[in-house]
Amino acid sequence: MDYSSYLKDQTLFICPNDVKTNILNYLNEHKMIVNVKFMDLGEFKKNWFFDYDLNAVNYLVKKYG
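What this report covers is the structure whose coordinates are included nearby. (Residues numbered from 1 in each chain as written. Predicted model: local features only at pLDDT ≥ 70, side-chain atom pairs only at ≥ 80, totals over all residues. Heavy atoms only, no water.)

## Observations regarding the overall build of the chain
In step 1: The helix and strand tally for the chain stands at three helices and two strands.
In step 2: Helices and strands appear in the chain in the N-to-C order β-α-β-α-α.
In step 3: Against the compact-globule benchmark of 11 Å for 65 residues, the chain has a radius of gyration of 18 Å, which places it well outside the compact range.
In step 4: C-alpha extents for the chain along the principal axes are approximately 60 × 20 × 15 Å.
In step 5: Within the chain, the fraction of its 65 residues that count as buried is 17%. (Helix = DSSP H or I, 4+ residues; strand = E, 2+ residues; numbered from the N terminus. Rg over C-alpha atoms; globule rule 2.2 N^0.38 Å. Buried < 20%, exposed > 50% of the residue type's maximum accessible area, 1.4 Å probe, protein only.)

This is the structure:
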């Protein structure tokens, strides 16, 4: 697949690991250096929708009862 139209600086790829490997191999073969970031769908959802841990819940319980 030709990834050249998608490979621009400051690009976020939301893809599985095998597609990430293909893109990195394409970059290596064509001697390209671009600033891109890779995430899988689970990681993207965790960052896009608010995610909290047990410490945050404990803080809210102590502060607001």
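## Let's talk about helix H1 (residues 17–29)
In step 1: Over its 13 residues, H1 extends 18 Å from the first C-alpha to the last, a length consistent with the 18 Å expected when each residue adds 1.5 Å.
In step 2: Along its buried surface, H1 packs onto strand E1 (11–14) and strand E2 (36–39). (Expected span 1.5 Å × (residues − 1). Contact = heavy atoms within 4.5 Å.)

## Considerations on the nonpolar core
In step 1: Judged by nonpolar contacts, Tyr 3, Leu 7, Phe 13, Cys 15, Ile 23, Tyr 26, Leu 27, Val 36 and Phe 38 together constitute the single largest core of nine residues.
In step 2: Among the secondary structure elements, those contributing two or more residues to this core are H1 and E2.
In step 3: Sorting elements by how many residues they give to this core places H1 first, with three residues. (Core = buried A, V, L, I, M, F, W, Y, C linked by side-chain atoms within 4.5 Å.)

## Overview of the pairing of E2
In step 1: Both E1 and E2 contribute to a ladder of four bridges, which runs parallel. Paired with Phe 13 across the two strands is Phe 38, which belongs to E2.
In step 2: Remark: the E1/H1/E2 crossover connection has right-handed handedness. (Pairing = 2+ DSSP bridges. Right-handed = clockwise from strand over helix to strand, strands pointing away.)

## Focus on the packing of aromatic side chains
In step 1: Counted according to the given criterion, the structure contains three aromatic pairs.
In step 2: Ring centres of Phe 44 and Trp 48 lie 5.9 Å apart, and the angle between their planes is 15°; on these two criteria the pair is classed as stacked. Taken as a pair, Phe 44 and Trp 48 lie in helix H2 (residues 41–48) at a separation of four residues, close to a single helical turn.
In step 3: Exposure remark for Phe 44: the relative accessible area of 24% places this residue in the partly exposed category. (Phe/Tyr/Trp six-rings, centres within 6.5 Å; stacked < 30°, edge-to-face > 60°.)

## Quick word on unusual backbone geometry
In step 1: Non-glycine residue Gln 10 carries a positive phi angle of around 60°.
In step 2: In this structure, Gln 10 sits in the segment before E1.
In step 3: The phi dihedral of Lys 31 is positive, around 50°, even though this residue is not glycine.
In step 4: Judged by relative accessible area, Lys 31 falls into the exposed class, the value being 74%.

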